[in-house]
Amino acid sequence: MGNPMRIRATEAGGVVEVKVLMSHIMETGQRKDASGNIVPAHFIQNVTVTCNGKTVLSAEWGPAVSKDPFMAFKFKGAKKGDKVTVMWVDNKGDSRTDETAIA
């Protein structure tokens, strides 16, 4: 399980803007260490964001996403105080779930 995500969700004019900073090494599996051995791939594969139990974003990622990825998006249909939950699962089965209230 990775470190806690930093999530900010704000609502203005009926549109919710969500910004997420995830802590993950996002190793591609193509890099070699100092000994010349390949560093095994370790990256986030699936990201799901829900608001009040309804999925508002679902993404499939690969090894080309950078270390400690940042994601931002907007959606409609929520109000201040509603809970936004962000969950990711990586290729090694590790996962992380965090939530915040819409400000």
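Residues numbered from 1 in each chain as written. Predicted model: local features only at pLDDT ≥ 70, side-chain atom pairs only at ≥ 80, totals over all residues. Heavy atoms only, no water.

**Some remarks on the sheet that holds strand β1 (residues 6-12)**
Either a parallel or an antiparallel arrangement is found when strands of a sheet pair, and the pairing is made through backbone hydrogen bonds.
Moving on, step 1. Ordered by their spatial adjacency, 3 strands build an open sheet running β1-β2-β5, and the pairing between neighbours is antiparallel. If you trace the sheet from one side to the other, it starts and ends with β1 and β5 (70-76), each paired once. Direction aside, neighbouring strands of the sheet carry axes that sit 15° apart on average.
Moving on, step 2. Where β1 meets strand β2 (residues 15-21), 7 bridges bridge the pair, whose relative direction is antiparallel. Its bridge partner lying in β2, E11 is registered against V16. (Pairing = 2+ DSSP bridges. Helix = DSSP H or I, 4+ residues; strand = E, 2+ residues; numbered from the N terminus. Axes fitted to C-alpha atoms, helices over the stretch in contact; angles between N-to-C directions.)

**A look at the pattern of salt bridges**
Moving on, step 1. Here the structure, examined in full by the defined rule, presents 3 salt bridges.
Moving on, step 2. Here R31 makes a salt bridge to E27, at a shortest N to O gap of 3.0 Å.
Moving on, step 3. A salt bridge links K79 to D82; the shortest N-O distance between them is 3.2 Å.
Moving on, step 4. Among the residues examined, K79 registers a relative accessible area of 54% and is labelled exposed.
Moving on, step 5. Exposure remark for D82: the relative accessible area of 9% places this residue in the buried category. (Salt bridge = Lys/Arg side-chain N within 4 Å of Asp/Glu carboxyl O. Buried < 20%, exposed > 50% of the residue type's maximum accessible area, 1.4 Å probe, protein only.)

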